[in-house]
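# Structural characterization, general
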Amino acid sequence: MTKNQRQQPIFDNMHKNFLKYWKHKKKWAAFLSLATLILSANLFFLPVSETLQKQNKPTVNSTIQCRTCHQEIYDNYLQTAHYRDSRPAAAEAIKGSFHPDSNLYAYNLFMQVALLKEGNKFIQSARFNQQEVQKASFDIVIGSGRKGQSYLYWKGNQLFQLPISYFTATNSWTNSPGFPSYPYFERPVPLNCMECHSSFAKTIKSGDAINAYDKNSVVLSINCDRCHGNGNEHAQYQLTHPQDTAGKFIVNTATIQDRQIRMDACAVCHSGIRKHIKPPFSFQPGMNLSAHSTGQTISKKPDTLDVHGNQYGLLAGSKCYTASSAMDCSSCHNVHREEVNDPKLFSSRCLNCHAPEKNNFCSLQTDNKIVLTENCIDCHMPVLPSKKIQLQTASNNKIQSDSIRTHFVAIYREQTKKFLQRTNIK
């Protein structure tokens, strides 16, 4: 019996008791506490006692200081998905529609969540038989919107995930992945999540809560500090010593000789859900990640990818990677620029190693209707449906899979066949 099969009777029972819960909210307070623990089980929480250990001082958002000397990089980086990964919930940040013809997510005939604008606030309002039973405001947006978004709200100093998210592929609201089939407002957001979706957050003691924070410590977006270390001392030194171009008190991963250390700076967030040895945010670029957290076994099955997919592991298992001593994430990605959906651009980086003159170029035989050098990606790193991301959207009320581009570089004959069909090549 699988883990999901073992948990299903629990969720079924929770669902049956939902109506009783709304009528007798106090009576079911204990039920909610139990549900919170169950829904949190897959997040590999660091034990609270360890999470609350003394943490590093909050990094200061030194992005503005970086602009003084790195204006072009700064201006370009503000457009990237990394920088826009977490933001305050404002109208320009939230992708979903609040128009009356598209602002309702229905679980069934009796239970819905309405997405509303009330003054300057945006609200998720749970209704039973058209009557509001619970609501919470959008406080933080998680996700750039390239694939989708989810939303967090504050209850005092505790941070929770809202039940409704946004799915870009259908331009509609959807049930947040992994949530039960009714409006659930009690999923806590632990420090593990904040480590990859913000630049800093500090937990505070609040009973047994794993999601209580010093609000003033939270630094949203993935800023320069996350990849280069705290830049304040660097900025102060360089501004007073402009003749010194060596770059003191800062980490430039491009100059690190050890490839694994370079990769670790990306793997901290792009290697799937990790189990922490040391508290989140204790890892800094240039450190050995394995001393801070452990990842899951590298999988070569791209259809198992989810929003926390191990793209680092897939790349590390690829022949392109294992046959090279120098290839790393930056061989293909310029993280200072927004680069997405541009096969020609990424294919140009494949040609650094796989050029026709090197006799290791693509052997696919075609006519002249396509220039193979302009699209290596759709054949060798195709977009594939994930079996783990199952969404039920408000647009069609059908469960569907999201699709993700795999980083396991290989020959995909079926995908190549589809690629040729799309380009009308026989």
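The following refers to the structure shown. (Residues numbered from 1 in each chain as written. Predicted model: local features only at pLDDT ≥ 70, side-chain atom pairs only at ≥ 80, totals over all residues. Heavy atoms only, no water.)

## Overview of the pattern of salt bridges
When charged atoms on two side chains of opposite charge get close, those side chains can pair. So the rule is basically this: Whenever a carboxyl oxygen of Asp or Glu lies within 4 Å of a side-chain nitrogen of Lys or Arg, that contact is scored as a salt bridge. Note on conventions: DSSP H or I runs of at least 4 residues are helices, E runs of at least 2 residues are strands, and numbering of each starts at the N terminus. Accessibility here uses a 1.4 Å probe with only protein chains present; expressed as a share of the type maximum, an area under 20% marks a residue as buried, one over 50% as exposed, and anything in between as partly exposed.
Enumeration over the complete set of coordinates arrives at 11 salt bridges. The residue Glu 118 makes a salt bridge to Lys 135 at a minimum N-O spacing of 3.4 Å. Taken together, the residues Glu 118 in strand β3 (residues 111–118) and Lys 135 in strand β5 (residues 131–137) connect sequence positions 17 residues apart. Residue classification places Glu 118 among the partly exposed residues on the basis of a relative accessible area of 34%. Classification of Lys 135 as partly exposed rests on a relative accessible area of 41%. Asp 244 serves as the salt-bridge partner of Lys 248, at 3.4 Å between the closest nitrogen and oxygen. A relative accessible area of 19% means that Asp 244 is categorised as buried. Salt bridges sharing common partners tie together Arg 84, Arg 146 and Glu 338.

## Side note on the state of the cysteines
Here is the idea: a disulfide is a covalent bond, and it sits between the sulfur atoms of two cysteines. For clarity, the cut-off: Count a disulfide wherever a pair of cysteine sulfur atoms falls within 2.5 Å.
The tally for this structure, following the rule as stated, stands at one disulfide. The disulfide that involves Cys 196 links it to Cys 269, with 2.5 Å between the sulfurs. Around the S-S axis, the bridge from Cys 196 to Cys 269 shows a dihedral of about -100° and counts as left-handed. Of the two residues, Cys 196 is situated in helix α7 (residues 191–197) and Cys 269 in helix α10 (residues 259–270); the sequence distance between them amounts to 73 residues. Residue Cys 269 is classed as partly exposed on the basis of its relative accessible area, which comes to 27%. Just so you know, Cys 69 is unpaired, no disulfide at all, and the nearest cysteine sulfur is the one on Cys 66, 8.9 Å from it. Cys 350 forms no disulfide, and the closest cysteine sulfur to it belongs to Cys 376, at a distance of 4.3 Å. Owing to a relative accessible area of 22%, Cys 350 belongs among the partly exposed residues under this scheme.

## Things to note about unusual backbone geometry
If you check the backbone angles, Gln 130 has positive phi at about 75° while not being a glycine. Positionally, Gln 130 belongs in the loop between β4 (121–128) and β5.

## Points about the environment of Thr 253
Among the secondary structure elements, Thr 253 is positioned in the loop between α9 (232–240) and α10. The class of Thr 253 is partly exposed, set by a relative accessible area of 22%. Taking the C-alpha atoms as reference points, Thr 253 and Gly 286, separated by 33 residues in sequence, lie 7.1 Å from one another.

## Details of the packing of aromatic side chains
Just so we agree on the cut-off: When two rings of Phe, Tyr or Trp (its six-membered ring) have centres within 6.5 Å they constitute a pair, described as stacked for plane angles under 30 degrees, edge-to-face for angles over 60, and tilted for the intermediate range.
If you walk through the whole model with that rule in mind, you get 16 aromatic pairs. On the basis of an interplanar angle of 70° and a centroid distance of 5.7 Å, the ring pair of Phe 98 and Phe 138 is categorised as edge-to-face. In this pair, Phe 98 sits in the loop between β1 (86–88) and β2 (104–106) while Phe 138 sits in the loop between β5 and β6 (140–142), placing the two residues 40 residues apart along the sequence. Per residue, the accessibility class of Phe 98 equals that of Phe 138, and both read buried.

## Examining the nonpolar core
Heads up, the rule is: By nonpolar core we mean a set of buried residues, namely Ala, Val, Leu, Ile, Met, Phe, Trp, Tyr and Cys, connected to one another through side-chain atoms within 4.5 Å.
By size, the foremost hydrophobic cluster in this structure holds 26 residues, and its most contacted members are Ile 94, Phe 138, Tyr 151 and Trp 173. Of all the secondary structure elements, the ones that give two or more residues to this core are β3, β4, β7 (148–155) and β9 (164–167).

## Points about the environment of Cys 266
Residue position: Cys 266 is located in helix α10. Note on Cys 266: relative accessible area 30%, which makes it partly exposed. Separated by 63 residues in sequence, Cys 266 and Cys 329 place their C-alpha atoms 7.6 Å apart.

## Considering the sheet that holds β3
Heads up, the condition is: In this scheme, strands are said to pair when DSSP sees at least two bridges between them. Structural elements are reduced to axes, namely lines fitted to C-alpha atoms, with helices fitted over the stretch in contact, and the angle between N-to-C directions of any two is expressed from 0 to 180 degrees.
Pairing in this open sheet of four strands is antiparallel, and the strands run β2-β3-β4-β5 from one edge to the other. Strands at the two margins of the open sheet, each flanked by one partner only, are β2 and β5. The mean inter-strand angle of the sheet, taken between neighbouring strand axes irrespective of direction, is 20°. Direction of pairing for β3 relative to β4: antiparallel, over a ladder of eight bridges. Bridge pairing links Met 111 to Phe 128 in β4.

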